[in-house]
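A structural walkthrough
Residue-level listing of the chains:
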Amino acid sequence: MEEFKGKGGLTELPVLEPSMREAAEALHRALSTFRTTDCPQQRGAILQLAEGVLQEMKEAGNWEAIPF
């Protein structure tokens, strides 16, 4: 068997500025809540809320897509 030659461990995540980190954490909490919710109506409500928030963010203007 060959010896492992990689770095090993988890992939390093980019360091985010505080406002980006806060937004990313909130979005991941919402995703986690969605995934752990069994009720189809509650899951639908979470999706509707997320879609509404996303639409408002897009309509606010002054943004551009960047690789993330």
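Residues numbered from 1 in each chain as written. Predicted model: local features only at pLDDT ≥ 70, side-chain atom pairs only at ≥ 80, totals over all residues. Heavy atoms only, no water.

Another aspect to go through is the overall build of the protein. From N to C terminus, the protein includes two helices and zero strands. Looking at the protein as a whole, 4% of its 68 residues qualify as buried. Looking at the protein as shown, the accessible area adds up to about 7,000 Å², and 58% of this sits on carbon and sulfur atoms. (Helix = DSSP H or I, 4+ residues; strand = E, 2+ residues; numbered from the N terminus. Buried < 20%, exposed > 50% of the residue type's maximum accessible area, 1.4 Å probe, protein only. Areas by Shrake-Rupley, 256 points an atom, 1.4 Å probe, with all protein chains shown as cover.)

Turning to the packing of aromatic side chains, a few remarks are in order. Enumeration over the complete set of coordinates arrives at zero aromatic pairs. Over the aromatic face of Phe34 sits the side chain of Arg43, whose NZ or CZ is 3.9 Å from the ring centroid. (Phe/Tyr/Trp six-rings, centres within 6.5 Å; stacked < 30°, edge-to-face > 60°. Lys NZ or Arg CZ within 6 Å of the ring centre and 35° of its normal.)

The next subject is a nonpolar patch on the surface. A cluster of nonpolar residues, Leu49, Val53 and Met57, forms a patch on the protein surface that exposes about 300 Å² of accessible area. Inspection of the secondary structure assignment puts Leu49 in helix α2 (residues 40-59). (Patch = residues over 30% accessible without salt bridge, like charges linked within 9 Å, V, L, I, M, F, W, Y side chains within 5 Å. Salt bridge = Lys/Arg side-chain N within 4 Å of Asp/Glu carboxyl O.)

As for its position among the elements, Thr37 is in the loop between α1 (18-36) and α2. The exposure class assigned to Thr37 is buried, which follows from its relative accessible area of 12%. Discounting residues that sit within four places of it in the chain, Thr37 has contacts with Gln42, Arg43 and Ile46. (Contact = heavy atoms within 4.5 Å.)

With that settled, the discussion passes to the environment of Ala50. Inspection of the secondary structure puts Ala50 in helix α2. Owing to a relative accessible area of 43%, Ala50 belongs among the partly exposed residues under this scheme. Measuring from C-alpha to C-alpha, the distance between Ala50 and Leu27 comes to 9.1 Å, with 23 residues separating the pair along the chain.

In this model, Asn62 sits at a positive phi of 55°, which is unusual for a non-glycine residue. Considering the arrangement of structural elements, one finds Asn62 in the segment after α2. Accessibility expressed as a relative area gives 85% for Asn62, which makes it exposed.

Moving on, we come to the packing of α1 against α2. The geometry of α1 relative to α2 is characterised by a closest axis approach of 9 Å and an angle of 155° between their N-to-C directions. Relative to α2, the element α1 lies roughly antiparallel. The element α1 and its partner α2 pack so that their crossing is left-handed. Across from Ala30, Thr33, Phe34 and Arg35 in α1, the residues of α2 making contact are Arg43, Ile46 and Leu47. Of the residues contributing to the contact of α1 with α2, the split by class is four nonpolar, one polar and two charged. (Axes fitted to C-alpha atoms, helices over the stretch in contact; angles between N-to-C directions. Parallel < 35°, antiparallel > 145°, perpendicular 65-115°, else oblique. Left-handed = near helix turned anticlockwise from the far one by under 90°. Nonpolar A, V, L, I, M, F, W, Y, C, P; charged D, E, K, R; others polar.)

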